[in-house]
Amino acid sequence: MKNKKHFIFSRSVFGVPYIVFLILFVVVPLFIIVIKAFSFKDPTTEVVTFSLNNFIKVFTTPTNYPVFLDSLIIAVLTTVFCILIGYPIAYLLANKKYNKSYILVLLFIMPMWINFVLRTYATRSLLINIGLNPAEIPYVTIMIGMIYNYLPFTILPLYTTMLKMDKSLLEASQDLGANNAQSFIKVVIPLSVPGIISAATMVFMPTMSSFVIVNVMGNNNITIIGNLIQSQFNFQLWNEGSALSLILLIIIGIISFFSGKLGKEQEKTALW
Amino acid sequence: MVKKIIGKSFIYLMLLLMYAPILFLIVYSFSADRGFAFSKGFSLDLYRMLFLDRSIMSGNEYIKVQQLWTAVTNSFVIAVVSGIVATILGGFGAIGVYFSKKQLKYAVHTVEQVQIATPEIVIALSIVILFVSLGISKGFITLLIGHVLLTLPFVVLSIVPKLKQMDPNLYEAALDLGATPLVALRKVLIPEILPGIFAGFLLSVTLSLDDYIITALTKQDTYETLATYIEKATRLGVPNYVRAFTTLLFIVVLLAVVCINIYSAKQAKKGKKSR
């Protein structure tokens, strides 16, 4: 028994570099953000004090309101459209009647291998060529660019949930007299809720900060929270940047709390 | 029957839409026009430019194409190096944490969750502030840390399920038979979780190649990767030979996907046989 304990100890030692890395580059930086967000450096005396100034500034700058609104609208619409389009695709891919191999699934994921900036540029070129100009209808082109980019991320978790679904439940519902539509609404959709939630979180959260797509597809006319934080970099306004980041983190924390136990993190690793 | 046809055509239509932008670039990679047109007919000029055929390009263009290739090399280098670092760090980390005490396991898991949920822009901001306050100037190391940070949780997430599947007695048996912990690790534990390690490495490379935000904010100003090169170009006008480059990239990706699938199909067969 004593020996065993010794060996368990020796294996946990392998985790030390990893834990040190996490502390140094995840925990400490997040603490710094919290501290920066709540501190204020007096420009004349250079004395750093605790203050809520950064937050007050974020919420009292009138030009920020359309940014928050645009971020929210773009994020929500992207999530909704991705699920509306991705759901039937995933359903058909997971259904043996329509698709027997993994190749089609792979084909849906494969564009992810080409850098998204390049893909976004390709989408922009195509849209301009068919008469959808980002200079004229930026919201439309942004939405197309976003949906195009995030669709694979929705298909994947939905597909894995639907594959795991117990098919006998479907048969049972039909034996009990449900027609196709009824068993779809009463069985398939409720059973795929975890997939929907994990797909939604996987799209919603990154859209908030994916300002490159918004810039390229919107001709730099639309600003989202991501751009706002990025612009603080250019002026080295760390305190305001931290306050904004903290707000974003809190929003995401609330969302993850509600989607919590249902959104499984494993879905993204199902790529392989 | 009709339903089946409708279903199948929906899938293929969606696939066509997914690939439309890339196909669009591929088609126009065979034109020599600046814009998207075929005024000079079919031509391989863009490919000749891409492979630095001096006879059809100006000195300025030559330098720009070279910059594109440098950016591609940089993307590849950072993806592979960060992939290796993340796989080693995350691999040992996953093993170590998996066999640790419950409280530690829980704490690390919480940090991993927070890291996954944190938007990239916030991760970038937080580490850049750390670098600034420590007086570290941006360079390859900061970029590397950024990319490792980006991919590490996914490496760990690919390996942990394999650890869970493993028979815990195997390692103990190796020790009982006289293996030192390091030998047991090398001969028993690592071979068992190898598919997870491999998957984690590939995922890490994929995520790194696809990244823009962390790259742009942690790299040195003069260092360009494919993502930052294209992003800059979209503001100034993307050169037409990028079309030819996209075609090549697409072919490479296609080949890589095919190879990896053949490999994993073989692995799966092997797994079935050994059972």
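One structure accompanies this document, and this report is about it. Quick caveat, the model's predicted, so the values are computed rather than measured.

Conventions we followed
- Sequence positions are assigned chain by chain, starting from 1 and proceeding in written order.
- Whichever chain is written first is A, and whichever ligand is written first is 1; the rest continue in order.
- Reporting in this predicted model follows two pLDDT cut-offs: at least 70 for local features of residues, and 80 or more for side-chain atom pairs to be given and counted; totals over whole chains, interfaces and linings ignore these cut-offs and use all residues.
- Each side-chain value is worked out from all heavy atoms of the structure, with water and hydrogens disregarded.
- By salt bridge we mean one thing: a side-chain nitrogen of Lys or Arg within 4 Å of a carboxyl oxygen of Asp or Glu.
- Burial classes follow relative accessibility: with a 1.4 Å probe on protein chains only, a residue under 20% of its type's maximum area counts as buried, one over 50% as exposed, and anything between as partly exposed.
- Residue contacts are counted whenever heavy atoms from the two residues lie within 4.5 Å of one another.
- In short, buried area is how much 1.4 Å probe accessible area vanishes from two parts on joining, totalled over both.
- Counting of polar contacts relies on pairs of N or O atoms within 3.5 Å, with two restrictions inside protein: one atom must be capable of donating a hydrogen and the other of accepting it, and residues adjacent in sequence are counted only when both atoms are side-chain atoms.
- What counts as a helix is a DSSP run of H or I of at least four residues, what counts as a strand is a run of E of at least two, and both are numbered from the N terminus.
- By the convention adopted, Pro, Cys, Tyr, Trp, Phe, Met, Ile, Leu, Val and Ala count as nonpolar, Lys, Arg, Asp and Glu as charged, and the other residues, Gly among them, as polar.
- Here, nonpolar core refers to any group of buried Ala, Val, Leu, Ile, Met, Phe, Trp, Tyr and Cys residues whose side-chain atoms link them within 4.5 Å.
- Note that patches include only residues with greater than 30% relative accessible area and no salt bridge, and the join distances are 9 Å for like charges and 5 Å for nonpolar side chains (Val, Leu, Ile, Met, Phe, Trp, Tyr).
- Computed with a 1.4 Å probe, the accessible areas rest on the Shrake-Rupley method; for each residue, only the protein chains presented here act as cover.

## Topic: the pattern of salt bridges
All names here are of chain B.
For step 1, the next point in the chain: This model, assessed by the stated rule, comprises 8 salt bridges over all chains.
For step 2, the next point in the chain: In this structure, the salt-bridge partner of D53 is R48, at a minimum N-O distance of 2.9 Å.
For step 3, the next point in the chain: Between K232 and E224 there is a salt bridge, with its nearest N and O atoms 2.5 Å apart.
For step 4, the next point in the chain: Residue class for K232 comes out partly exposed when judged on its relative accessible area of 36%.
For step 5, the next point in the chain: What emerges from the salt-bridge pattern is a single network uniting D45, R48 and D53.

## What about the interface of chain A and chain B?
For step 1, the next point in the chain: Taken together, the 78 residues of chain A in the interface contact 97 residues of chain B.
For step 2, the next point in the chain: Contact with chain B buries surface across chain A, with A:R11, A:Y18 and A:W113 losing the most and accounting together for 10% of the total.
For step 3, the next point in the chain: Here chain A is connected to chain B by 1 salt bridge.
For step 4, the next point in the chain: One salt bridge in this structure joins A:R119 and B:D210, with 3.5 Å as the shortest N-O distance.
For step 5, the next point in the chain: Taken together, chain A and chain B are joined by 6 residue pairs in polar contact (both at pLDDT 80 or more).
For step 6, the next point in the chain: The element contributing the most residues to the side of chain A that touches chain B is helix α2 (residues 16-37) of chain A, with 15 residues.
For step 7, the next point in the chain: A per-class count over the side of chain A that touches chain B returns 54 nonpolar, 17 polar and 7 charged.

## Side note on the environment of B:V148
All names here are of chain B.
For step 1, the next point in the chain: Along the chain, V148 falls in helix α6 (residues 140-165).
For step 2, the next point in the chain: When its relative accessible area of 1% is taken as the criterion, V148 is described as buried.
For step 3, the next point in the chain: A sequence separation of 78 residues divides V148 from T70, and the C-alpha atoms of the two residues are 21 Å apart.

## Concerning the nonpolar core
For step 1, the next point in the chain: In this structure, A:L93, A:F108 and B:I121 are the most contacted members of the largest nonpolar core, which totals 161 residues.
For step 2, the next point in the chain: Of the residues forming this core, the biggest block, 13 residues, is contributed by helix α7 (residues 138-164) of chain A.
For step 3, the next point in the chain: In this view, B:I121 contacts A:S209, A:F211, A:G226, A:I229, A:Q230, A:F233, A:L248, B:I213 and B:L217; residues no more than four positions away in its chain are not counted.

## Notes on a nonpolar patch on the surface
Residues and elements named next belong to chain A.
For step 1, the next point in the chain: A contiguous nonpolar surface patch, about 680 Å² in accessible area, is contributed by L69, L72, I73, V76, L77, V80, F81 and L84.
For step 2, the next point in the chain: Relative to the helices and strands, L72 is located in helix α4 (residues 64-94).
For step 3, the next point in the chain: Judged by its relative accessible area of 44%, L72 is partly exposed.

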